[in-house]
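This is what each chain is made of:
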Amino acid sequence: MTGGCATFDKIVWGDDKTKTKRRIETPIEAELGAVSPYIIVPSDDWSDKQISHHARALAGWKCLNSSAVCASPQLLITSKNWKHKEAFMNSLKTAFTSTEGYPIFYNGTQDRVDQAANAYPADQVQKIAPKKGALKPIIVKSLTEKDLGSWSTQNEAFAPVLVNLEIEADGVKDFMKKTAEIVNSEKVFGSLSCSVMIHPTASEKIGNDGLDKWLKSMEWGTTSVNTWGGNGTLFPTGLWGAYPKHSPADVQSGIGVLSNALMYDFPQKQVLRSPFIADNHPRSAAPSMTDALLLKRMSYYVANPGFCRFASLIAAAVRAKL
């Protein structure tokens with residue numbers, strides 16, 4: 001099943017709030033959500049163009065489907081001492097405000113936005129007003145490690161809520177070590193998907209072995225390097241689901257995996273990798289007409305593959321890149 005913890009609990013436990021007597025004994029697997037960490041590894045070498053590119057990409061992934069996505073980025077983690085933090089946050093706000101906006105269609109969206117806003121001091125809550133549209137994102141700024149366990153780190157908003165957690169760290173290696181400890185802890189809800197953006201110079205500092213060791217330590221079903229964790233749903237030979245550490249009594253991101261076409265026994269997680277700057281990163285918080293055409297033709301091809309549909313897909317991809 002998919003949905004949220006409340007849906008799973010109602011099916012498995014019924015009205016038993018103590019979760020001591022199951023309503024049904026049939027084993028149930030579930031794909032549920034998380035607060036979906038989005039980690040930006042600090043580096044002084046980000047250019048203005050790269051800052052703008054990644055701000056627009058984050059805004060695009062956040063606004064996808066009006067944020068009603070189980071992998072929607074929610075916990076933005078940066079270094080307090082990152083040289084480009086203010087420039088990135090300003091660029092992110094610009095990306096949100098420049099969109100035409102999205103409708104709110106999922107029940108309770110505004111209520112959860114209000115819950116998140118009311119959980120923090122008013123001067124930390126930045127309300128975004130797009131050009132038009134009912135969807136009005138909020139950014140909660142300047143959270144510290146003392147705020148771990150607060151509403152937005154313990155509840156999946158399933159709404160346009162983005163909170164910025166700033167970590168005190170001495171260099172790239174220390175930042176990544178602390179980040180892994182934080183997102184793997186009980187103070188951060190879930191384990192479905194996690195994204196990390198790392199500049200090539202920062203990657204060089206920790207080395208391939210260091211990055212692989214860090215990825216191995218991540219207790220998340222999908223960890224994506226330089227792309228969105230939600231892209232993990234696109235690969236039938238990969239897998240999609242929570243890291244195997246939850247139980248029916250504390251289900252969080254769920255139990256079991258989807259896909260796994262190669263039928264691996266007891267899979268733990270998958271890792272996706274992408275170039276730091278990639279053509280398939282969103283270019284704005286709202287898809288363009290060429291993006292929409294590309295996705296439409298991709299859907300047609302996946303549903304019914306054929307040469308003509310493949311050629312049509314390639315034509316749309318070339319047009320989208322221009």
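What you see is a predicted model; the values in this text were computed from it and never measured. (Residues numbered from 1 in each chain as written. Predicted model: local features only at pLDDT ≥ 70, side-chain atom pairs only at ≥ 80, totals over all residues. Heavy atoms only, no water.)

Their axes nearest at 10 Å, the elements helix α6 (residues 172-183) and helix α7 (residues 200-217) cross at an angle of 15°. Judged by the angle between their axes, α6 and α7 are roughly parallel. For the element pair α6 and α7, the recorded crossing hand is right-handed. Counted together, Val 172, Lys 173, Met 176, Lys 177 and Ala 180 of α6 and Ala 202, Lys 205, Ile 206, Leu 211, Trp 214 and Ser 217 of α7 form the full contact between these two elements. (Axes fitted to C-alpha atoms, helices over the stretch in contact; angles between N-to-C directions. Helix = DSSP H or I, 4+ residues; strand = E, 2+ residues; numbered from the N terminus. Parallel < 35°, antiparallel > 145°, perpendicular 65-115°, else oblique. Left-handed = near helix turned anticlockwise from the far one by under 90°. Contact = heavy atoms within 4.5 Å.)

With respect to burial, strand β7 (residues 193-197) is a largely interior element, five of its five residues being buried. Side chains Ser 193, Ser 195 and Met 197 of β7 all project onto a buried face; the interleaved residues Cys 194 and Val 196 project onto the opposite face, where all are buried too. One ladder, built from three bridges, connects strand β2 (residues 37-40) with β7; its direction is parallel. From the neighbouring strand, Tyr 38 faces β7, where its bridge partner is Ser 195. As judged from the four bridges shared by β7 and strand β8 (residues 222-225), these two strands associate in the parallel manner. Within β8, the position partnered with Ser 193 by the bridge is Thr 222. Considered for its hand, the β-α-β crossover made up of β7, α7 and β8 is right-handed. (Buried < 20%, exposed > 50% of the residue type's maximum accessible area, 1.4 Å probe, protein only. Pairing = 2+ DSSP bridges. Right-handed = clockwise from strand over helix to strand, strands pointing away.)

On to helix α1 (residues 5-13), then. Of all the residues in α1, the buried ones are Phe 8, Asp 9, Val 12 and Trp 13. End-on view of α1: buried residues confined to an arc of 95°, all on one side of the axis. Buried positions along α1 lie against β1 (30-31). Once α1 ends, the next one or two residues include Gly 14, with phi positive near 65°. (Arc of directions from axis to C-beta.)

The eight strands lie next to each other as β4-β5-β6-β3-β2-β7-β8-β12, forming an open sheet whose pairing is mixed. In this open sheet, the two edge strands, each paired with only one partner strand, are β4 (125-127) and β12 (270-273). Shown here is a sheet whose adjacent strand axes are inclined to one another by a mean of 20°, direction ignored. Where β4 lies against strand β5 (residues 138-143), three bridges are found, and the strand directions are antiparallel. Of the residues in β5, the one forming a bridge with Val 125 is Val 140. Sheet strands touched by helix α2 (residues 48-63): β2, β3 (75-79), β6 (161-167) and β7. Its angle to β2, the strand with the most contacts, is close to 180°. Each of β2, β7, β8 and β12 touches α7; the most contacted strand, β12, lies at about 140° to it.

Everything listed here is a matter of coordinates, which is why it stays silent on function.
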